[in-house]
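Reading the structure
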Amino acid sequence: MRNVLVSGAGVAGSALAYWLTGHGFTVTVVERADGLRKGGQAIDVRGVALEVVDRMGLGAQMRAVRTRMRGMTMVDRDGNEMFRSEEVALSSGRLDSEDVELLREDLTEMIYEATKDRVEYVFNDAITALHEEDHGVRVEFEKGGYRTFDFVIGADGMHSSVRRLAFGPEENYVRHLGSYVAVFPSPNFLELDNWQMWIQDQENGAGGGVYPVRDNTELRATFGFASDQLEYDYRDIEQQKKLMADRLAHLGWEMPKFIEVMKDAPNFYFDAMAQIHMDTWSTGRIALVGDAAYCASVLSGQGTSIALVGAYILAEELGKADHSEAFAAYERRMRPYVTLNQALPTENPGGPASEESMEKAKNAIAL
C-alpha cells in the first residue's frame, strides 16, 4: 500500500485525502495550525465541483448549511442606499443559481469528519525539508524527526511551504492583482436578516461588505483596499489589523464600529489578492494542488471549486498510473480549466466577470 503525505488540512488537502484513501492509499495530513482553521469568508461551490461534493456523499449536508441571502444593498459613506438587488449578491452571484455558498469552515469540517477515521491528521506541525530518494521522499518536520513517503502533495495555500521547498521562492510564481482583503467575524449589530450591505469608495479603491451567517447571529466582514504590493509580515496579525484600520478609516458609514470589532476579532484573515502561475505542478514525487499550484484569488469566486476538482482528478490519476504519468495526466486535464478561471479577475478589473465567462469557466472540465 502506497503512502502519501499531504501538507494542509484545508479544502484541497482534506478533499485529496478523501479521494486518495478511496484509491487505496495510506494518507497522512500535516497542518501547521493546532486544529482546523476557523473563520474566513463564505465560499462558493460551482459547476462540476458540485458533482465532486455529491460523489463524496456530502451534497445534502453541504446544501443544508448554505447561506440563504435574499439580496444586497450598496450604501454611500453616509449610509444612504445607492441601489439594491434581490437577484444578485456580491459574495455569491445570482441568487437563483444552483451554486452553493457556505462558510469555508463548514466545508472543511464536514470533509474532515468524513475522513478522520481513515486518515492520519497531524496538527501543530509543518514540513521543513524534502529530500527525494530513489523510492520515496524523506520529509523533515518542524517538531523534529523525519518520515519517508512515496509521494508528497502540497495543499498548503498561496504561501505554500512545499512549493517553496520543491520549486523555489514564492516570488517566482506570484502575480499581484493590485489589492488586499481582510475577513473577520462581527456581532450582527446591524440586525441584518439574510441581507448583505456593501460600500465602495471608487476614488480611493477601498470598500467591502458584510453579510449575516449562523442564522443571522453573526456577521462576516470582508473589507479591502487597492494597493501595489506591500512589504509586511504575513504572520503579524496586529500589524495587518493596523494596516486595514488606516486604509478604511475614511469610508464613513459604520466603519468606526467595524474597525473596533476588528481589533479584537479572534479569527482574522488578511492577504493580497494574487494568483499563482506555474509551468508545472509536479517535480519527481512531489506535486501541488489547489491554491499552492494555481491560486485564482478570491476575486475569481472559483478557488474552492478549483481545489475540489483538482483534488478529485489528482487522486484519480494517481490511483491508476505510475506517478510520473499520473502527474502529467493531472496537468493535462486541469490546465484548461485553471486557465479559464484565472482569467476571470482580469477580464473586468474592479468588477464581476461576465456571466458567459463565468459559466464557461465553471464547466470547462469533465470528471
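A quick note: this is a predicted structure, and the numbers were derived from the prediction, not measured.

Focus: the sheet that holds strand β9 (residues 120-123)
Spatially, β9-β2-β1-β13-β20-β19 is the arrangement adopted by the 6 strands of the open sheet, whose pairing is mixed. Two strands close off the open sheet at either side, each with one partner strand: β9 and β19 (282-283). Inspection of the sheet shows strand β1 (residues 3-7) paired to strand β13 (residues 151-154) by 4 bridges, in the parallel sense. Paired with leucine 5 across the bridge in β13 is valine 152. Running at roughly 15° to strand β20 (residues 286-288), helix α10 (residues 323-342) makes contact with β13, β19 and β20 of the sheet.

A few points about the sheet that holds strand β4 (residues 71-75)
Taken together, the 7 strands give an open sheet; going across it, the order is β5-β4-β15-β16-β17-β14-β18, and neighbouring strands pair in mixed fashion. Two strands in the sheet have a free side with no partner beyond their single neighbour: β5 (81-85) and β18 (269-276). When strand polarity is set aside, the average angle formed by the axes of neighbouring strands in this sheet is 20°. Bridging between strand β14 (residues 174-187) and β18 involves 8 bridges; their strand directions are antiparallel. Bridge assignment links alanine 182 to a residue of β18, and that residue is phenylalanine 270.

Regarding the UniProt feature "domain: FAD-binding" (unreviewed entry) in the chain
Following the UniProt record, one finds the feature "domain: FAD-binding" (unreviewed entry) at residues 3-323. In residues 3-323, the share of helix is 27% and the share of strand is 34%. The end C-alpha atoms are 12 Å apart.

Some points on unusual backbone geometry
Positive phi, close to 55°, is recorded for glutamate 191, a residue that is not glycine. Tracing the backbone through its elements, the reader meets glutamate 191 in the loop between β14 and β15 (195-201). Judged by relative accessible area, glutamate 191 falls into the exposed class, the value being 69%.

A short note on the packing of helix α1 (residues 11-22) against helix α9 (residues 303-318)
The interhelical angle for the contact between α1 and α9, taken along N-to-C directions, is 30°, at an axis separation of 8 Å. When the interaxial angle is binned, α1 and α9 end up roughly parallel. Our pair here, α1 against α9, has a crossing hand that is right-handed. Taking contact as the criterion, the partners of Val11, Ala12, Ala15, Leu16, Trp19 and Leu20 in α1 are, on α9, Thr304, Ala307, Leu308, Ala311, Tyr312, Leu314, Ala315 and Leu318. Split by residue class, the contact of α1 with α9 holds 13 nonpolar, 1 polar and no charged.

Points about the environment of threonine 148
As for its placement among the helices and strands, threonine 148 is situated in strand β12 (residues 146-149). A relative accessible area of 39% means that threonine 148 is categorised as partly exposed. With 10 residues separating them along the chain, threonine 148 and arginine 138 place their C-alpha atoms 4.3 Å apart. If sequence neighbours within four positions are ignored, threonine 148 has contacts with Asn3, Gly136, Val137 and Arg138.

With respect to the nonpolar core
Nonpolar side chains in soluble globular proteins tend to be buried together. Within the largest apolar cluster, 109 residues are counted, with the highest numbers of intra-cluster contacts made by Val45, Val210, Phe223, Phe258, Leu308 and Met334. The leading source of residues in this core is α9, at 10 residues. If we skip the residues at most four places from it in the chain, valine 45 touches Leu50, Val53, Met62, Asp99, Val100, Leu102, Leu107, Thr304, Ser305 and Leu308.

Describing helix α7 (residues 255-263)
Three- or four-residue spacings in an α-helix give side chains the same orientation, since the helix completes a turn every 3.6 residues. Three or more residues of α7 are buried, namely Met255, Phe258, Ile259 and Met262. Each buried residue of α7 lies within a common arc of 105° when the element is viewed along its axis, so the set occupies one face. The elements touched by buried residues of α7 are β14, β16 (206-213), β17 (218-226) and α6 (237-248).

Topic: the packing of α1 against helix α4 (residues 104-115)
At a minimum axis distance of 9 Å, the contact between α1 and α4 shows a crossing angle of 25°. Overall, the two elements α1 and α4 adopt an arrangement that is roughly parallel. Considering how the two elements wind past one another, α1 and α4 form a crossing that is left-handed. Within the contact between the two elements, α1 uses Val11, Ser14, Ala15 and Tyr18 and α4 uses Arg104, Leu107, Thr108, Ile111, Ala114 and Thr115. When the residues that make up the contact of α1 with α4 are grouped by side-chain class, the tally is 6 nonpolar, 3 polar and 1 charged.

The rules behind the values
Residues numbered from 1 in each chain as written. Predicted model: local features only at pLDDT ≥ 70, side-chain atom pairs only at ≥ 80, totals over all residues. Heavy atoms only, no water. Pairing = 2+ DSSP bridges. Helix = DSSP H or I, 4+ residues; strand = E, 2+ residues; numbered from the N terminus. Contact = heavy atoms within 4.5 Å. Axes fitted to C-alpha atoms, helices over the stretch in contact; angles between N-to-C directions. UniProt positions renumbered as here; feature names shortened; annotations may be inferred. Buried < 20%, exposed > 50% of the residue type's maximum accessible area, 1.4 Å probe, protein only. Parallel < 35°, antiparallel > 145°, perpendicular 65-115°, else oblique. Left-handed = near helix turned anticlockwise from the far one by under 90°. Nonpolar A, V, L, I, M, F, W, Y, C, P; charged D, E, K, R; others polar. Core = buried A, V, L, I, M, F, W, Y, C linked by side-chain atoms within 4.5 Å. Arc of directions from axis to C-beta.

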